[in-house]
Structures are given as structure tokens and as C-alpha cells.
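Chain and residue survey
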Amino acid sequence: MKKTSRRDFLKLAGATGAGLLACGAGNALANEGLQVNNDELGMLYDATKCVGCKACMSACKRVNSDYGSLSYEKAKFDEDGLWDAPSDLSGSTRTLIKLFKESEKRWSYVKYSCMHCQKPSCVSVCPVSAMTKEKVSGIVDYNKNTCIGCRYCQIACPYNIPKFQWEKAVPQIVKCDLCKATNLREKGITACAETCPAGAIKFGKRKDLLEEAHQRLKDAPDKYVAHVYGEHEGGGTNHLYLASMPFNKLGLPEIKPEAPAEFSEKIQHTIYKGFIAPVALYSTLCFIAVKNMKKHQGHDDDHQKGGK
Amino acid sequence: MGHSEEYKKLEGKIFTKSFFILLSVVLLGFYFVGVRYVKGIGAVSNMSDGYPWGIWITYDVATGTAIACGGYAVAILVYIRNRMQYHPMIRSAILTSMFGYGLAGFSVMVDLGRPWNAYNFFIPSKWQANSAMFEVALCVMAYSTVLILEFLPAILTSIEKSKWDRMNAIRNWLHPKIAPDKKTMEDKLEMVRLGAAWLNPRLNKVLIFFIVLGITLPTMHQSSLGSLLLIASTKLHPLWHTGFLPLLFLLNCVFIGYSIAILESIISSYSFKRPFEIEELSGLAGLIPFVTVIWLTVVIGDLAHRNQISAALKGDFYSGWFMTEFLLVACGSLILFVKKARKSARWLFISASMIVLGGALYRFNVYLIGFNPGQGWKYFPSFAEVMITVGIVALEILGYKVFVALFPVLPNMDLHGAHKKKGHAKKHKGSEADKTLPAGEAHAH
Ligand code: SF4
Ligand code: SF4
Ligand code: SF4
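Predicted model only: the values in this text are computed from it and were never measured.

A few words now on the overall build of chain A. A tally of helices and strands in chain A yields eleven helices and nine strands. For chain A, the residues scored as buried account for 55% of the 308 residues in total. Summarising the internal contacts of chain A: among those between residues at least 6 apart in sequence, 60% fall at separations of at least 24. By element, 55% of the accessible surface of chain A is carried by carbon and sulfur atoms, the whole surface being about 14,300 Å².

Right, let's talk about the overall build of chain B for a bit. From N to C terminus, chain B includes 17 helices and two strands. For chain B, whose C-alpha radius of gyration is 23 Å, the value lies close to the compact-globule estimate of 22 Å for 445 residues. Expressed along its principal axes, the backbone C-alpha trace of chain B runs to roughly 70 × 60 × 45 Å. At a minimum sequence separation of 6, the contacts of chain B that also span at least 24 residues come to 81%. Positive and negative side-chain charges of chain B, numbering 42 and 27 respectively, have mean locations separated by a distance of 4 Å.

In the vicinity of ligand 2, the residues found are A:Cys126, A:Val128, A:Ala130, A:Met131, A:Tyr142, A:Cys147, A:Ile148, A:Gly149, A:Cys150, A:Arg151, A:Cys153 and A:Ile173. Looking at the shell around ligand 2, its residues break down into ten nonpolar, one polar and one charged.

The next thing to look at is the confidence of the model for chain A. In the predicted model, chain A carries a mean pLDDT of 85, and the fraction of residues at 70 or more is 85%. Across residues 1-32 of chain A, where pLDDT falls below 50, the model places 64 contacts with residues more than four positions away in sequence or in other chains.

This next bit is on the environment of B:Thr58. Residues and elements named next belong to chain B. Topologically, threonine 58 is positioned in helix 3 (residues 55-67). For the pair threonine 58 and asparagine 365, spaced 307 residues apart in the sequence, the C-alpha separation amounts to 9.3 Å. With near-sequence residues (within four places) excluded, threonine 58 lies in contact with Thr63, Arg363, Phe364, Tyr367 and Leu368. In this structure the side chain of threonine 58 is engaged in a polar contact, spanning 2.8 Å, whose partner is the backbone oxygen of glycine 54.

The immediate surroundings of ligand 1 are formed by 13 residues, with A:Cys114, A:Met115, A:Cys117, A:Cys122 and A:Cys157 found nearest. Per-class residue counts for the shell around ligand 1 are ten nonpolar, two polar and one charged.

Turning next to the interface of chain B and chain A. Contacts between chain B and chain A engage 87 residues on the former and 80 residues on the latter. A combined buried area of about 7,300 Å² lies between chain B and chain A, and 62% of that area is made up of carbon and sulfur atoms. Summed over the three residues of chain B that lose the most area to chain A, namely B:Asp49, B:Arg114 and B:Ile231, the buried surface amounts to 11% of that side. For the interface between chain B and chain A, the tally reads one salt bridge. Salt-bridge contacts for A:Arg151 lead to B:Asp111; the nearest nitrogen and oxygen are separated by 2.8 Å. Where chain B touches chain A, the interface holds 37 residue pairs in polar contact (both at pLDDT 80 or more). Of all the secondary structure elements, the ones that give two or more residues to the side of chain B that touches chain A are helix 1 (17-39), helix 2 (41-44), helix 4 (70-80), helix 6 (132-161), helix 8 (182-227), helix 9 (245-271) and helix 10 (278-305) of chain B. No other element matches helix 8 of chain B, which puts eleven residues into the side of chain B that touches chain A. Partitioned by chemical class, the residues of the side of chain B that touches chain A number 51 nonpolar, 24 polar and twelve charged.

On to the packing of aromatic side chains. Summed over the entire model, instances satisfying the criterion amount to 29 aromatic pairs over all chains. A centroid spacing of 5.2 Å and a plane angle of 85° characterise the contact between B:Phe99 and B:Phe403, whose relative ring orientation is edge-to-face. With a gap of 304 residues between them, B:Phe99 in helix 5 (residues 90-111) and B:Phe403 in helix 15 (residues 383-406) connect regions that are remote in the sequence. With a centroid separation of 5.2 Å and 85° between ring planes, the pair formed by B:Trp295 and B:Tyr362 is classed as edge-to-face. Of the two residues, B:Trp295 is situated in helix 10 and B:Tyr362 in helix 14 (residues 345-369); the sequence distance between them amounts to 67 residues. Side by side, B:Trp295 and B:Tyr362 carry an identical accessibility label, which is buried. Grouped by ring-pair contacts, the aromatic residues A:Tyr152, B:Trp53, B:Phe249, B:Phe255, B:Trp295, B:Tyr362 and B:Tyr367 constitute a single cluster.

Residue and element names in this part refer to chain A. Spatial ordering of the open sheet is given by 8-1-9, a layout of three strands whose pairing is mixed. For this open sheet the edge positions go to strand 8 (201-205) and strand 9 (239-242), each flanked by a neighbour on one side alone. Averaged over all pairs of adjacent strands, the angle between their axes in this sheet comes to 20°, without regard to strand direction. Against the sheet, helix 8 (residues 206-219) contacts strand 1 (41-46), strand 8 and strand 9, and its axis sits at roughly 135° relative to strand 8.

Residues and elements named next belong to chain A. Mapped onto the elements, aspartate 84 comes out in the loop between helix 3 (55-68) and strand 2 (96-101). Accessibility expressed as a relative area gives 29% for aspartate 84, which makes it partly exposed. For the pair aspartate 84 and tyrosine 72, spaced twelve residues apart in the sequence, the C-alpha separation amounts to 5.4 Å. Those residues in contact with aspartate 84 that lie beyond four places of it in its chain are Lys61, Tyr72 and Glu73. A polar atom in the side chain of aspartate 84 sits 3.2 Å from the side chain of lysine 61. There is a polar contact of 3.1 Å between the side chain of aspartate 84 and the backbone nitrogen of glutamate 73.

On to the nonpolar core. Core analysis: the biggest nonpolar cluster contains 162 residues, and A:Tyr152, B:Leu229 and B:Tyr367 have the highest contact counts within it. Sorting elements by how many residues they give to this core places helix 9 of chain B first, with 16 residues. When sequence neighbours within four positions are dropped, the list of residues in contact with B:Leu229 reads A:Tyr152, B:Trp53, B:Leu236, B:His241, B:Leu245, B:Val366, B:Tyr367 and B:Phe371.

This part covers unusual backbone geometry. With phi around 55°, A:Cys179 is a residue other than glycine that occupies positive phi space. With respect to the helices and strands, the residue A:Cys179 is situated in the loop between strand 7 (173-174) and helix 6 (183-187). Residue classification places A:Cys179 among the buried residues on the basis of a relative accessible area of 7%. Even without being glycine, B:Asn82 reaches a positive phi, approximately 60°.

On to the packing of helix 4 of chain B against helix 9 of chain B, then. All names here are of chain B. Remark: helix 4 packs on helix 9, axes separated minimally by 7 Å, with the N-to-C direction vectors making an angle of 90°. When the axis of helix 4 is compared with that of helix 9, the two are roughly perpendicular. The residues of helix 9 that touch helix 4, namely those facing Gly70, Tyr72, Ala73, Val74, Ile76 and Leu77, are Leu250, Cys253, Val254, Gly257, Tyr258 and Ala261. Split into classes, the residues belonging to the contact of helix 4 with helix 9 amount to ten nonpolar, two polar and no charged.

Let us look at the pattern of salt bridges. Residues and elements named next belong to chain A. In this structure the tally under the stated criterion is 21 salt bridges over all chains. Linking lysine 61 and aspartate 84 is a salt bridge whose minimum nitrogen-to-oxygen distance equals 3.2 Å. Separated by 23 residues along the polypeptide, lysine 61 in helix 3 and aspartate 84 in the loop between helix 3 and strand 2 bring together distant segments of the chain. Lysine 61 gets classed as buried once you look at its relative accessible area, which sits at 3%. Here arginine 216 makes a salt bridge to glutamate 212, at a shortest N to O gap of 3.0 Å. Taken together, the residues arginine 216 and glutamate 212, both in helix 8 and four residues apart, mark about one turn of the helix. Residue arginine 216 is classed as buried on the basis of its relative accessible area, which comes to 11%. We classify glutamate 212 as partly exposed; its relative accessible area is 28%. Among the charged side chains, a salt-bridge network with shared partners connects Asp46, Lys202, Glu212 and Arg216.

Conventions we followed
Residues numbered from 1 in each chain as written. Chains lettered and ligands numbered in written order. Predicted model: local features only at pLDDT ≥ 70, side-chain atom pairs only at ≥ 80, totals over all residues. Heavy atoms only, no water. Helix = DSSP H or I, 4+ residues; strand = E, 2+ residues; numbered from the N terminus. Buried < 20%, exposed > 50% of the residue type's maximum accessible area, 1.4 Å probe, protein only. Contact = heavy atoms within 4.5 Å. Areas by Shrake-Rupley, 256 points an atom, 1.4 Å probe, with all protein chains shown as cover. Rg over C-alpha atoms; globule rule 2.2 N^0.38 Å. Lys, Arg positive; Asp, Glu negative; His and termini not counted. Charge placed at Lys NZ, Arg CZ, Asp CG, Glu CD. Near = heavy atom within 4 Å. Nonpolar A, V, L, I, M, F, W, Y, C, P; charged D, E, K, R; others polar. pLDDT = per-residue confidence, 0-100. Polar contact = N/O pair within 3.5 Å; in protein donor to acceptor, adjacent residues only side chain to side chain. Buried area = accessible area lost by both parts, 1.4 Å probe. Salt bridge = Lys/Arg side-chain N within 4 Å of Asp/Glu carboxyl O. Phe/Tyr/Trp six-rings, centres within 6.5 Å; stacked < 30°, edge-to-face > 60°. Pairing = 2+ DSSP bridges. Axes fitted to C-alpha atoms, helices over the stretch in contact; angles between N-to-C directions. Core = buried A, V, L, I, M, F, W, Y, C linked by side-chain atoms within 4.5 Å. Parallel < 35°, antiparallel > 145°, perpendicular 65-115°, else oblique.

Right under this line is the structure:
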């Protein structure tokens, strides 16, 4: 009885059965491909046109401050409170212009905000559906009235976009929602795109934006890096970028064409498909456990032979 | 009711010196919890938008529930592998699990930014079945309930037998004006006692189905704890990001569970000055290598498959942590292959500690150390953050000490000793058999 027999060992393996299903999942990751919907709304940001005036930033705050609970941010040097000087996206800032200097002569502006992914990781992981993707418009929206503040969306987003209000007793997640409840509803265009004086932000349907981006690449191939950032990254995003410098230098991560959410959901679904595996596991275990107990109760002698 | 003699209350005082030391640690932790609710999470923790999960999630939830898997691991052993001789260990293992999961649940409530919205977990229209966290949350809640049900027989038994000494003592201590009337109190207590006597045998009859549920649920949520990080494909270092995360987490919690059951028994035997349960422990210890060897094989096989072996041996920061985790588990298991080591409380303690440490480090690596959100982000827990965790752990130990004194949890050594003298063959015969029967099969006498 002290030695572990092969049969006993198999029983142990049976108990870890549901987990073994994950093995299969690990191999069954053939890419089915994601349906890209080019009719969704998005924006095209052209870094070569951006003049760094930050008008989009202040427009975003002005328009969305009440609705999105945004506030103006003091910088460390700013004792008199004369500046709105956020240093990064934060619980008070949905969009930000940064300047990347490669050398004294070569630099580029870049705008940060939610990429409005085709297959958003944040939506995939949110346990209570506080992050949602609108069917028609493709806007990735946040609802603070259901959010539990678990911050899983922050872990999941490959662009580090959702921000949390760490300093508040009643905090929420902050991220761009394409002005869904404010400027977009009132004027049919996002506040940042409407305000930009240099025409660096173009608002529209994804397919038009893509067409426009490729046209610009064709017209001035010397000016740009030959890549539309967001066309394929992470399954595609509705916020697209053109720039004259490699995108990873601008702080935009290199991301494979497969959406991270595809990978994780496939495994999760393999394990829990139709709840078959857990139910099967439970019934099998019940069968074994009840049988084992019966054996103990009635047939002591049998048990002693069988147990060895 | 013969089976209840299998367990015994711990004799001795509750309010010892260590009780008050633990209590002060708990109070300090709770002070910081108070600060967190008034001033926000940022005021007490070093978490940031780059590292939104700190040690509360990494230790209290991801690692703490694995450490609390003793109940799960021993239940598999007893009911599925049919090793009823380990049955005496199950109550203390379940009690530890109960506190471990309670700790996880409590710290989730501290960690959640908007806990008042947590009711959304119970609204089907809000369910998001794609989310691994949704699965973890539901399973953990269900499992905590099951754990309480599994522990209930111990409480019911002691209510049945209670003479209400403590209650009466409290009543006598209270000022006569506010103290309840003696007669009515006695009547009410008698009703509680009768209720317990009525419920206990009925619960015992269906208990096995809850016990099996208590094996299924951890199988699900422990693997899903691994699934949580599947999505972070750009942030988690390739040494740890793999499609096998769910399987690795599941195996990991099983070997941690057995090791913890060993540690817990050795520590409580030592500190409560009871004899070591060497027979049971060495049997348990013989199982661990089977699980760790599968785990280690999957880890290596997967790294080889993804061409990451060189990254593991590179000698940089990440490979250092990886090697530490790997060697702790491997060496700890190696010790257990030696039969003599399995018979020595000291070696059992050393190897089980190494395996728990290595297994826990694996979870830290996945959740924190191997997690890199990009340039410029750093995380190291703040003092307050650590104190909150330490406070909750202290509360857990405190609760354990109180519970083993109030309820029959620890194995009854008199009975046990008798078993050993009479030898194994007689163990399942006659009236003794009743005592080793699982609680679920004891008949209502
Ligand atoms: S960029 Fe991040 S926050 Fe925005 S939709 Fe994609 S995953 Fe969600
Ligand atoms: S923090 Fe809120 S929005 Fe983000 S995943 Fe958690 S519940 Fe969803
Ligand atoms: S679309 Fe609206 S919310 Fe988003 S960055 Fe622009 S102004 Fe801000």
C-alpha cells in the first residue's frame, strides 16, 4: 500500500484531467484569422503633419472633463498652477502629444490615445463587461457604473492605454472613447480631430482612412516609413498612424498581427467549451469517490486486495 | 458518532503571548487598509499604470490560493486515490484552505478599485465568459462556500457536545443589567444544539458531493489563474509566456498543496508539542516527485519547443529568477527520492520548504518578475502594501490557532498511536473501521 502503483498514478492524472486539456489547446492554435470590419470609425494621425501645438489635448479635456472625470494636471515644476502639463496618459488625460528626439535635427511628434482595436484585449478580459466594443461604430467604450476596478484591462492592453485614478478614493479607469457621449454625438466628429489646426488628425471610416494613408505613402515615399501602423498590429486597430521615424522609436510597440485576445480566448474556450470538460470532470470524480467509499464501507477484504 | 473521535480539540489557552503579537500585526495592517479606503490605493501602494497588479494579487491571490491548496491536494489523495489512511489530515488541511481563500477574498476587496460594483458578478447580462478572471472569481467564491460546508461537520459536532461553558462565562462576566436572562439563554442554546444534532448526520450523507465539488473547482480556477496572463503576450517574458500556463499552474498548485500539508503538519506538531505524523507524511512525500517531474518536463519541453532554452541559460536577470525557481523545485524533489529522507522530519521539512518556495516563486515570476510593461516602469511593494499582506496572513494564523482550540480539527493522536501498534491489517476492521471512514459515510446513529 505504501508503493504508488501505476493505477493509482493514473487516477491522479485523471484528477488533473481538465488541465491536460490545456495541452491540446497549446498545440491547437492554428490561426483562423479575424474578421476585420473596415466600416468602423477611427482616426488617422500623421506625425509628419503634427506641429505639436497640443490643441487636441486641451480640446479633449475641455469636451470630456465632466463626462470622463478628467482634470488639469500640474507638473512638478509648476508651483503656481499655470500649466496643464501631464507627463503621460493618466487618470486625468485621455490623449497626449509627445516629442521624440533622435538627434538635435531629427525628431517627431506622436499622439497617444486608445487604439480602438478590432479585437480589443481590454474587452476580452473585463470580467463584468465594463469595457465594450460597439457593434456598428467599433468604439471601445468604458462604463464606470459596472467597472469593479480590477485593472485587468491595464494588464491586457498591449499599448498600456487604460489608466487608473490611483490617488482617488472613488477611482475609475480613464481612456479615449472617441468622444462617443460628447463631441461625436453633438457634432459627428471627435474633438481632437475637429480642433487640429494642421490637419494631422483625420476622422472617418477605417476603410477611407486606410485608402488615404496608402495614397499618402505612394505620393511621398521619401517622407514616410513605408508602413501604416495599426493596419495589422494586434489584429488591426481603428486608430492608424503614419510617421517619418520607425514606430518603435515613437513608443509604439511592435506587435504581431495576431490579436493577443485571439490566443488567450482560444485556449480558454478549448478548456471550457460548452462546460463539457468541467462537468465531465465532476461526474468522473464523483463516480470514483463514491465507489471508493463504498469499497471501504462494505468489502473490507476486497478493499485490502484491490488497494495494493 | 464514532467517527468524530478521529479528531480532537487542542488543549490549552487561546490568549497566549503569540496571540497578542499576531493581533498587533493584524491591527497595523488594518490601519493601512483604512488609509487605502480614505485616500485611494495610490496612497498606500507603489502600484502604477504599468504595474496595475502588485503583491496583493501576486501573493495574496495567485500564490496564497496555491498555498491554500492543501485541502484540495489531500482531498484528491483521500477520496480519489482512495488512501483513507490520510483522512485524519483532512480537517486541518481544509481549515488552512478556508483561511487561505478567505485571505484571497479579503485582499481582493482591498485591491479592487470599485468594490461596490462587485455585485455585477451575479448579474448574468454582465457575464463575460471570455474573461479568465470571471472564471476565477466565480470558482473561488463557489469553492469558499464549499470549504465552509466541508468544515461544517467539525463545528456542528462541537456544538452538539458543547456545554456552553464559554457562553456562560461571558454571560456571568457581563453586567447583570445587560446580561440575557439565564433561563431564556439556556433554552435558546439548547435549540441551537438540537438543530446542529439534526443537521449533522444529514449533511454527512451528501458531504461527498461537496467534497468532489471541492476537487473540481480548484482544478478549474487554479488553471485559470495561469490563463489570466495568457493575454499579456507582449509584456510577459517568453520564459514564462506559453500556452501551457494553465496546465503549469494546475500542476504547480498540486505539488505546493502536498508540500504545504507536510509543512503544516510538521509545524503544528512542533509548536503544539504533539508527536510528528511521520508515517502519513512520508507517504505524502512519496507522491510529490510524480507531480513535480511532470511539471519540470512540461517546462523544459515547452521551452525547447519554443527555442527558449538559451534564454533560460543566458545568465541575465530573467534567467536568474527562472533558474532559481526551477532548481528549488527540482532539488527539493530530488531529496524526496531518497527513502531515508522521507522518514526524517528534518529532511521532509527542508525539501517541502524548497518546493513551496520554488513553486511560489514560479507564480511571482509569472505575475511580477517576468512582467515587463515597457520602458520606465518599475515596481517594488511599499511598506504599507507589505504590511497589509502581512496583517492578513497574521489574521489567518490567528484564526487557525483559535479554530483548532475551539473545534476538533487536529488528528487524535491517541487513536492514531493505537493504529500503529496494532498494525495495518487491523486498521479497517471492527469498530476501528468506523473511525477511519470518511465523514460522508458515517451513518446517522
Ligand atoms: S488600445 Fe488598449 S484600451 Fe484601447 S481598445 Fe486596444 S486594448 Fe483596449
Ligand atoms: S478595471 Fe474595470 S474596465 Fe478594467 S477590466 Fe476591471 S472591471 Fe473591466
Ligand atoms: S477622440 Fe475624443 S476622447 Fe479620444 S482623444 Fe480625441 S478628443 Fe479625446
